[in-house]
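Below, each chain spelled out in residue letters.
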Amino acid sequence: MLDWIVRGARVVDGTGAPWIRTDVGVKGDRIAAMGDLEGARAHREVDAGGDILAPGFIDVHTHSDLPLLVEGEGHSHIRQGVTTVAIGNCGNSPAPLSERGASRFREQIAVDFPELDWPPGPAGLADYLGELARRGTSSNVVPLVGHGTLRMSAMGFVGEAPGRDAMDAMKSMLAGAMEAGAFGLSSGLIYTPGSYARTPELVELARVVAAYRGIYASHIRGENDTLFDAVDEAIEIGEAAGIPVQIARLKVMGRHMWGSADRLLEVIEGARERGIDVTADQYPYEASATGLSAYLPGWAHGGSREDLLRRLGDPRAREEMRRDILEGVEDWVSPYRGVGWENTLVTRCSDPDLEGRSVEEIARERGADPFDTAFDLLIENEANVNVVLSTIGEADLERIMAHPAVMIASDSGVSAVEGPLARGKPHPRSFGTFVRVLGEYVRERGVLTLEEAVRKMTTMPAARLGLWDRGVLRVGARADLVIFDPGAVGDRATYTDPFAYPTGVSAVFVNGRETVREGAHLGARAGRILSR
Ligand SMILES: [Zn+2]
């Protein structure tokens, strides 16, 4: 006797093969039967009515580490059919944290997550994962270790290279996290303190991860003027450490860089031809999101948050910051380049009236210079201002999406229309990434076939992470499933009105448990913490 039979679906198995019409039977947490199940019996049956049945989507790039502690149901992701999320991306993970790292971490999250009591003190990855498991999640979770977190724990926020002691401390924390089941190391080289690291430091850490067969996932050092150097660095780290490389949210930023996608993809193809295992992920939006403080040069972030705020208020430092934002410093270029204040939209700050408006517009209203306005906004919000930057060309976006080495990922923290996570103005990619690809880029624009799009959301990220029993529909695989109507699936979240669940996704199963029915979350928390 099966637990579930899904009948009447067009089955897209995740491999990229054309859909077939077949029944799928689930027993426990696995797919137990496929084929003609006419005579088979089950406790429950689903008539898919010709809709698509696919493996649950795997999001290799999320920032759901803390949101999942606040609200484990993970609405914005699970309702799209995302059943597995990788956390700890862009160099930032909630563990491991030393005593020093823990107090700085608490300071950093106080504004965005006032309800969270994390970490209780110094904490290893196992402590964090234990806390997450205790609360329960609706999706499966794949942990990565953030390089920035390691560096903050070992050295605080200092610009110099690590001495032997600091390097050893980072390596031993990293090895401990890999022992606790982490899948690899992430870096965020445009954010402090990650940006302070030079390539040899990253290679040395990547070698620790390589010994555990983990991956190196990087938000690379530059995405506009220095994009090509930054991609070269990621590839160099992969080659030197003998480790697979995942380039996060591959894109060409800044209007002056538009048209570079083909050359960018050639660099990745060249590396792959040399035998370096490099892949990338992408979200389907023309704007990206970051903290406004990421517009500032690295030296501005040195020391404590108070030091940063003091510099923001100091006229001489302001002049230097303005110059560096416009001209860059060594290999660092501000995200401001090719975007400008008119295309920098404030999405989260302490004054809700300012949300959804550009820095340029706010400056005009205040009768102030836009640079001074940006610095003032940072001071007024203790450096916590979120922005979206309209910066990515549509033609480049489509070229990158269509490339066979690029998968789909959201680069977002999980959110929800109601409850404690329904605040600020998150980037709409949190609610829309996967369904937007299926609606806009498959059905409306024909950039990808449906089967190829599903492959980029399932077997491809599964293989990248080494999840061999997920992301595919075959007998014996875990029963993470999504059912959607290919004619109706789509996103509704926008930059100014991001809190909107998708259309066309009717059912989601996680480890065989029904989690979404007729588009509504049933409250199940059947997700598991996965380990490498
Ligand atoms: Zn990220």
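Values in this document were obtained by computation on a predicted structure and should not be read as measured data.

Looking now at the overall build of the protein chain. The helix and strand tally for the protein chain stands at 17 helices and 22 strands. Computed over C-alpha atoms, the radius of gyration of the protein chain comes to 22 Å, within 12% of the 24 Å expected from 2.2 N^0.38 for 532 residues, which places it in the range of a compact globule. Each of the three principal axes of the protein chain carries a C-alpha extent, and together these read 80 × 50 × 45 Å. The contacts in the protein chain between residues at least 6 apart in sequence include a share of 77% that link residues at least 24 apart.

Each turn of an α-helix holds 3.6 residues, which means side chains three or four residues apart point in the same direction. By the burial criterion, the buried members of helix α13 (residues 370–380) are Thr373, Ala374, Phe375, Leu377 and Leu378. Against the buried residues of α13 lie α10 (305–313), α11 (315–327) and α12 (359–366). The first or second residue beyond α13 is Glu382, which carries a positive phi of 50°.

Moving on, we get to the environment of Ala86. The residue Ala86 is located in strand β7 (residues 82–87) in this model. C-alpha separation for the pair Ala86 and Leu389, spaced 303 residues apart in sequence, amounts to 24 Å. Once you skip the residues sitting within four places of it in the chain, Ala86 turns out to touch Asp59, Val60, His61, Thr62, Val142, Leu144, Phe183 and Leu465.

The next thing to look at is the domain arrangement of the protein chain. Domain boundaries in the protein chain define domain 1 (57–286 + 393–436) and domain 2 (291–390). Listed as interface residues are 26 residues of domain 1 and, on the opposing side, 23 residues of domain 2. Tallied by class, the residues present in the side of domain 1 that touches domain 2 amount to eight nonpolar, 10 polar and eight charged.

Relative to each other, helix α15 (residues 429–444) and helix α16 (residues 450–457) sit at 160°, their axes nearing to 10 Å. Between α15 and α16, the interaxial angle falls into the category roughly antiparallel. α15 and α16 meet at a crossing whose hand is right-handed. Taking contact as the criterion, the partners of Phe434, Val437, Leu438, Tyr441 and Val442 in α15 are, on α16, Leu450, Ala453 and Met457. Considering only residue class, the contact of α15 with α16 consists of eight nonpolar, no polar and no charged.

One open sheet accounts for six strands, arranged β9-β10-β11-β12-β13-β18; its pairing is parallel. Two strands lie at the open edges of the sheet, namely β9 (145–146) and β18 (406–408), each paired on one side alone. Bridge count between strand β11 (residues 215–219) and strand β12 (residues 245–247): three bridges; the pairing is parallel. Within β12, the position partnered with Ser218 by the bridge is Ile247. Contacts between helix α7 (residues 199–211) and the sheet are confined to β10 (184–188) and β11, with β10 contributing the most and set at about 155° to the helix.

The rules behind the values
Note that residues are indexed from 1 along each chain, following the sequence as it is written. With pLDDT at 70 or above as the cut-off, local features in this predicted model cover only qualifying residues; side-chain atom pairs require 80 or more to be listed or tallied, and sums for whole chains, interfaces and linings still use all residues. Here a strand is any run of E in DSSP of at least two residues, a helix any run of H or I of at least four, and the numbering for each starts at the N terminus. Our radius of gyration looks at C-alpha atoms and nothing else; its globule reference is 2.2 Å times the residue count to the power 0.38. Placing a C-beta atom from the backbone of each residue, one calls two residues in contact when those atoms lie within 7 Å. Here exposure depends only on C-beta density: within 10 Å of a residue's C-beta, 20 or more other C-beta atoms make it buried, 12 or fewer make it exposed, and intermediate numbers make it partly exposed, the C-beta atoms being placed from the backbone. Either an automatic procedure or a domain database provided the assignment from which the domain bounds are taken. Basically, the charged four are Asp, Glu, Lys and Arg, the nonpolar ten are Ala, Val, Leu, Ile, Met, Phe, Trp, Tyr, Cys and Pro, and anything else, Gly included, counts as polar. As a rule, the C-alpha atoms of each element are fitted with a line to give its axis, helices using only the stretch in contact, and angles between N-to-C directions run from 0 to 180 degrees. Angle categories are assigned with fixed cut-offs, so that under 35 degrees is roughly parallel, over 145 is roughly antiparallel, 65 to 115 is roughly perpendicular, and the rest are oblique. Crossings are assigned a handedness: left-handed for a near helix turned anticlockwise from the far helix by less than a right angle, right-handed for a clockwise turn. Whether two strands pair depends on DSSP finding at least two bridges between them.

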